[in-house]
Amino acid sequence: MQGTDREYKFKFTRLAFIDEQIASGSFPSAGSIAKKLECSSRTIQRDIEYMRNFLNAPIEWDAVHRGYYYTEKNFHIKALPINEGEIFALTLAQPLLAQYKNTPIEKSLRGIFEKIEKSLPDNVHFDSLFSSGKVTFISDSLPVISEEVFETVFKALKEHVQLKFCYRPLQKSTYMERLIEPYHAVCQKGSWYIIGKDVMPPKENTTVHPSGDIRIFSLSRIKYPECTGKKFEIPCDFTPDRY
């Protein structure tokens, strides 16, 4: 069953991509699409036949351009088939987004779900107890994380470069400059943290934590983040479970 679900998701991801390529007017061939999706041309040809037969896609082959096109210029697949269980998950996920309020993730997730909802057929209706107003989701009060902090921290994490920022320790009102090598990000109940090696030079490191320690920093208490550009390697024996 799991294999079938995976194949189902992969197939409709391909259909969405094929639709986008054909609608662009670039006259893609099965071969060019297959190359981009890293699958066989025969798979793409089967997908195109499926779109013609079951999604009523007006796809034709252009012998001059040697590629596919829509005979109706404004055509696009309004909605990919979606089963009842997936609609249920969609109605359940919307109120759960409240758990990510005040983080940059909230905006992105809401945008994704809005796109999914707009792509559904007009006649789709799902009567769910979770979307009826009879169930209330109460999320924990979460600290605000600025978009600048979130994006810069994850950029440093992705590029393996040192991260410089000002940090306010818990139960203190003043900020101090920190320099770390970010190793791993953690989200616990909606609160985000970055685990990294403290590499602040000894003379500037006035905290009780000596330079070289692996420490955990809360993103909500970080400001003025900056990627230094200095590369580093994460130790082979590092495991986030220890922290």
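Everything numeric here is computed off the predicted structure, so don't read it as measured data.

Participant: For unusual backbone geometry, give the residues involved together with the corresponding values.
Facilitator: Peptide bonds are mostly trans, and most non-glycine residues show a negative phi. Its identity as a non-glycine residue notwithstanding, Asn56 has a phi of 55°, on the positive side. Along the chain, Asn56 turns up in the loop between helix H3 (41-54) and strand S1 (59-62). Phi is positive for His160, close to 55°, though the residue is something other than glycine. With respect to the helices and strands, His160 occurs in the loop between helix H6 (147-159) and strand S3 (161-167). On the accessibility criterion, His160 (28% relative accessible area) is partly exposed.

Participant: Break down the sheet that holds strand S5 (residues 191-198) for me, citing the residues and quoting the values.
Facilitator: Within the open sheet, the 5 strands sit side by side as S6-S5-S4-S3-S7. Their pairing is antiparallel. Each having just a single partner strand, strand S6 (214-218) and strand S7 (222-231) make up the two edges of the open sheet. Between one strand axis and the next, the sheet turns through 45° on average, direction left out of account. Relative to S7, S3 runs antiparallel, the two sharing 5 bridges. Looking at S7, one finds that Leu163 is bridged to Cys227.

Rules behind the numbers
Residues numbered from 1 in each chain as written. Predicted model: local features only at pLDDT ≥ 70, side-chain atom pairs only at ≥ 80, totals over all residues. Heavy atoms only, no water. Helix = DSSP H or I, 4+ residues; strand = E, 2+ residues; numbered from the N terminus. Buried < 20%, exposed > 50% of the residue type's maximum accessible area, 1.4 Å probe, protein only. Pairing = 2+ DSSP bridges. Axes fitted to C-alpha atoms, helices over the stretch in contact; angles between N-to-C directions.

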